[in-house]
Amino acid sequence: MNEKKQKYIALFLVALAVFLCFWGLNYGLPHLAHDDEQTFVKRALRFGNGDLNPHYFLYPPLMMYALFFVYGVYYAVCHAAGIFSTTTEFAHAYINDPTAVYLLGRGLVAFFAVATVMTLYYRMKKTLSLEAGLFSALILLAFPRFPDSAHIIKSDMMMFLGSAIFFGLILDIYKDGRTSRYALAGLALGLTAAAKYNAAVLAPLVILASFLRMREHGSGALRQDLRKSLFDPKLLLFVVCVVGGFVLGNPYSVLDFATFRRDIVTILTFTALDEEFGGGGAAINYIRVIFYMGGRYPFLGVLCVAGGLAAFVSRKKEMILAAAAVIMVYAMCATLSIQQWHYFIPALPFLVSLGGYAADGIWRVSRSNKAGRIVFIGVFAALIAEPMARASVKNYWFTRPDVRVIAKKWIEDNIPEGSKMLIDNRGPMLARTKGLLKKQYEDALRLNHLKKDYFKLQLDAHRGKEYEWYNIERSIIGPRGAIEYSQSVELNVNIEGATAAKLKKQGFRYLVLVPPERPTEEEKKFDSSLVLLKEFAPENFVSPLNFRVKIYKIY
């Protein structure tokens with residue numbers, strides 16, 4: 001294929017990735033749909049105070065530092081344009097409307113997603129063929145979790161990109177074994193682990209790459225080649241660079257080792273189950289992740305697994321390395337008490353490349369005649385079109401108005417200012433009274449809580465209608481200590497078993513409930529005991545906007 005056509009293919013992939021990953025980034029704003037997004041954004045902004053210690057290592061901080069850099073550039077540009085005269089004005093603008101800050105963060109994540117697609121494409125193109133690169137990139141974009149993750153400010157997509165880069169460097173180690181490849185691979189893996197810890201599980205892959213290279217160019221004696229691989233001085237360089245890369249991306253893991261150690265112990269003892277997983281145990285659940293990577297149907301997963309089997313049968317060393325990476329990550333995940341799909345992310349660029357390898361093999365056989373080409377293209381297009389279409393529809397609904405924005409306006413137009421109310425988790429973003437904000441600030445100041453600066457900013461930037469509102473206390477998934485610390489300065493009220501008379505006695509006059517798509521028992525209880533003033537429902541229930549807003553009057 002000539003160079004011009006290759007450029008068109010690359011442009012097509014970029015355009016498709018941008019379409020799937022950037023469209024709909026404004027969903028929910030200025031309200032927030034993911035609690036995790038606040039974890040990253042608020043800490044990134046707090047770095048602007050001069051303290052680069054995140055004081056929090058349940059998530060590694062590299063993504064937070066990346067956001068801090070982007071926000072710094074944004075402020076510099078706005079300052080030069082006269083939009084913000086001081087950092088205080090910038091902070092107040094964020095408090096009153098965080099839309100720009102979250103769009104920048106989501107845009108950075110979406111950029112990482114596009115970069116991951118193209119990294120995998122060029123690597124597979126270089127390693128196998130142009131078609132293998134194209135198929136791998138398309139399979140990755142057809143994985144519904146991929147464009148979904150590209151819309152959320154978390155470190156998942158940074159780890160996706162880091163794993164894809166590490167994959168390419170591992171292939172380089174196998175092919176030429178240059179010392180610089182070991183150093184770069186170590187640095188890449190260390191930085192990726194500073195984005196998300198579980199990327200470190202890929203480290204043994206460098207030993208396998210060295211061994212496979214040694215088998216091709218060594219003495220031919222298995223034991224001797226294995227010994228040379230294990231005691232190769234380049235492996236020590238790799239380890240040093242992994243540690244160096246990790247510390248570079250997470251310097252306070254050393255400078256604040258006590259907090260780092262505390263949070264690592266918390267992670268290791270934390271147990272959580274992804275909602276879509278059953279009770280079959282981690283070993284079965286992560287097999288389900290592999291086979292249903294394409295969403296509703298297992299076909300793309302089967303293609304990827306077939307590529308792994310074909311790699312061992314054909315003894316294609318590059319693809320054996322990819323299959324080994326998948327096995328390593330699976331072995332780690334199968335032993336975890338935390339069962340959530342994103343712990344499998346380090347393996348996904350490797351798994352997708354196996355799918356591209358399998359598709360390329362089928363294409364080579366079928367392209368010899370016209371009928372074969374038509375059948376292959378039709379079947380492959382059907383496999384990727386369905387999940388891509390669903391992702392596109394979801395992105396469309398992301399662009400529609402958020403019900404909480406509509407509900408907020410209704411409340412401000414119809415409920416008297418200063419009313420005492422209870423608001424559910426992820427409810428409309430109303431302004432609190434200065435009295436309540438002052439209480440939160442003083443509590444945080446007394447406890448030397450990290451949120452004290454945030455409450456102070458809210459006080460200083462306060463504007464709009466004020467309401468005396470409290471949070472409805474809800475169970476939160478996360479390490480217990482971290483949740484208790486976070487919630488210690490929040491205004492939470494437990495309403496379990498609460499009656500209308502009890503709520504009224506506590507002074508509450510309104511309740512804003514945010515139930516999921518399907519009615520809950522709690523919702524039915526309030527429907528029968530309180531007066532429903534207004535209900536707002538989205539035009540289409542798509543995660544993470546699959547909830548309604550119901551506003552009750554308490555008599």
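Throughout this description, residue numbers start from 1 for each chain and increase along the sequence as written. Residue-level local features of this predicted model are given only where pLDDT is at least 70; pairs of side-chain atoms are given and counted only at 80 or more, and the full residue set underlies all totals for whole chains, interfaces and linings. Heavy atoms throughout the structure, all of them, feed into the side-chain values; hydrogens and water do not.

Here we come to the packing of helix H18 (residues 348–366) against helix H19 (residues 370–398). Only the stretch in contact is used when a helix axis is fitted, and all axes are lines through C-alpha atoms; the angle between N-to-C directions ranges over 0 to 180 degrees. By definition, any uninterrupted DSSP run of H or I lasting at least four residues is a helix, any uninterrupted run of E lasting at least two residues is a strand, and each is numbered from the N terminus. Across the interface, H18 lies against H19 with an axial gap of 8 Å and an inter-helix angle of 155°. Our classification of the angle between H18 and H19 gives roughly antiparallel. Residues Ala359, Ile362, Trp363 and Ser366 of H18 form the contact with H19, whose own contacting residues are Gly372, Arg373, Phe376, Ile377 and Phe380. Following the grouping adopted for this structure description, the nonpolar residues are Ala, Val, Leu, Ile, Met, Phe, Trp, Tyr, Cys and Pro, the charged ones are Asp, Glu, Lys and Arg, and the polar ones are all others, Gly among them. Classifying every residue of the contact of H18 with H19 by side-chain character gives 6 nonpolar, 2 polar and 1 charged. Should an angle lie under 35 degrees it is considered roughly parallel, over 145 roughly antiparallel, and from 65 to 115 roughly perpendicular; all remaining angles are considered oblique. Should any heavy atoms of two residues lie within 4.5 Å, those residues are considered in contact.

So, on to helix H9 (residues 179–193). Its 15 residues place the ends of H9 21 Å apart at the C-alpha level, agreeing with the 21 Å of an ideal helix rising 1.5 Å per residue. Accessible area is worked out with a 1.4 Å probe on protein chains only. A residue is then buried under 20% of its type maximum, exposed over 50%, and partly exposed in between. All buried positions along H9 are accounted for by Arg181, Tyr182, Ala185, Gly186, Ala188, Leu189, Gly190, Thr192 and Ala193. What a helix should span is 1.5 Å times the count of its residues minus one.

For the rest of this paragraph, the subject is the pairing of strand S7 (residues 510–513). Residues Tyr510 and Val512 line one face of S7 and the alternating positions Leu511 and Leu513 line the opposite face, and both faces are buried. Criterion used throughout: strands pair if DSSP finds at least two bridges between them. Bridge analysis of strand S3 (residues 420–423) against S7 gives 3 bridges, and the strand direction is parallel. For Ile423, the partnering residue across the bridge sits in S7 and is Val512. As paired elements, S7 and strand S9 (residues 549–553) share 4 bridges and run antiparallel to each other. Pairing of Tyr510 across the sheet is with Lys553, part of S9.

What makes a nonpolar core is a set of buried Ala, Val, Leu, Ile, Met, Phe, Trp, Tyr and Cys residues whose side-chain atoms join them at distances within 4.5 Å. With 133 residues, the main nonpolar core has Phe146, Phe166, Phe344, Phe350 and Phe380 as its most contacted residues. When residues of this core are assigned to their parent elements, the largest contribution, 13 residues, is made by helix H5 (residues 99–127). Not counting residues within four places of it along the chain, the set of residues in contact with Phe380 comprises Phe135, Leu138, Ile139, Leu303 and Ala359. In this structure, Ala33, Ala407, Ile423 and Val512 belong to the second largest nonpolar core, which totals 23 residues.

With that settled, consider the state of the cysteines. Each disulfide is one covalent bond, formed between the sulfur atoms of two cysteines. Pairs of cysteine sulfur atoms within 2.5 Å are identified as disulfides in what follows. Going through the model one piece at a time under the given rule, you end up with 0 disulfides. Cysteine Cys304 remains unbridged, with the sulfur of Cys333 as its closest cysteine sulfur at 16 Å. Owing to a relative accessible area of 0%, Cys304 belongs among the buried residues under this scheme. Its relative accessible area of 0% is what places Cys333 among the buried residues.

Tracing the backbone shows Asp263 in helix H14 (residues 257–269). Separated by 216 residues in the primary sequence, Asp263 and Pro479 have C-alpha atoms spaced 9.2 Å apart. Discounting chain neighbours no more than four positions away, the residues touching Asp263 are Tyr56, Phe57 and Leu58.

Of all the 7 residues making up strand S5 (residues 466–472), 5 are buried; the element is thus mostly covered by neighbouring parts of the structure. Pairing of S3 with S5, which is carried by 4 bridges, proceeds in the parallel orientation. Within S5, the residue paired with Leu422 across the bridge is Tyr470. Relative to S5, strand S4 (residues 431–432) runs parallel, the two sharing 2 bridges. Note that in S5 the partner of Ala431 across the bridge is Glu466. The pairing of S5 with strand S6 (residues 492–493) spans 2 bridges and is classified as parallel.

Running from amino to carboxyl end, helix H17 (residues 317–333) crosses H18 at an angle of 140°, the nearest separation of the two axes being 8 Å. Between H17 and H18, the angle is such that the two are oblique. For the pair H17 and H18, the crossing hand works out as left-handed. Here H17 contributes Met319, Ala322, Ala323, Ala325 and Val326 to the contact with H18, which in turn contributes Phe350, Leu351, Ser353, Leu354 and Tyr357. Considering only residue class, the contact of H17 with H18 consists of 9 nonpolar, 1 polar and no charged. Helix crossings are classified by the rotation of the near helix relative to the far one: an anticlockwise turn of less than a right angle makes the crossing left-handed, while a clockwise turn makes it right-handed.

This part takes up unusual backbone geometry. The linkage connecting Leu29 with the following residue, Pro30, adopts the cis geometry, with an omega of 5°. Along the chain, the position of Pro30 falls in the loop between helix H1 (3–22) and helix H2 (35–46). The backbone of His55 shows a phi angle near 55°, a positive value even though the residue is not glycine. Mapped onto the elements of the fold, His55 is located in the loop between H2 and helix H3 (62–80). Although it is not a glycine, Arg315 sits at a positive phi angle of roughly 60°. Along the chain, Arg315 falls in the loop between helix H16 (299–314) and H17. A relative accessible area of 64% means that Arg315 is categorised as exposed.

Each pair of aromatic rings taken from Phe, Tyr and Trp, with Trp reduced to its six-membered ring, is defined by centres within 6.5 Å and is described as stacked if the planes are under 30 degrees apart, edge-to-face if over 60, and tilted in the remaining cases. Counted under the stated rule, the structure contains 31 aromatic pairs. Here the aromatic rings of Tyr27 and Phe398 are separated by 4.5 Å at their centres, their planes lie at 25°, and the arrangement is stacked. With Tyr27 in the loop between H1 and H2 and Phe398 in helix H19, the pair connects residues that are 371 residues apart, well separated along the chain. Linked through ring pairs, Phe57, Tyr197, Phe246, Phe257 and Phe260 together constitute an aromatic cluster. Lysine and arginine charges are scored as sitting over a ring when NZ or CZ, respectively, is within 6 Å of the ring centre and within 35 degrees of the ring normal. Seen from the ring of Tyr56, Arg43 lies directly overhead, with NZ or CZ sitting 3.9 Å from the centre.

Moving on to the pattern of salt bridges. We define a salt bridge as a contact between a side-chain nitrogen of Lys or Arg and a carboxyl oxygen of Asp or Glu at a distance within 4 Å. Applying the stated criterion to the full structure yields 28 salt bridges. A salt bridge links Glu521 to Lys524, with the shortest nitrogen-to-oxygen separation between them at 3.6 Å. Of this pair, Glu521 and Lys524 are both found in helix H25 (residues 521–529), 3 residues apart, which corresponds to roughly one turn of the helix. For Glu521, a relative accessible area of 62% translates into the label exposed. Under the relative-accessibility criterion, Lys524 is labelled partly exposed at 45%. In this structure, Glu523 and Arg548 form a salt bridge, with 2.7 Å as the shortest nitrogen-oxygen distance. With Glu523 in helix H25 and Arg548 in the loop between strand S8 (531–536) and S9, the pair connects residues that are 25 residues apart, well separated along the chain.

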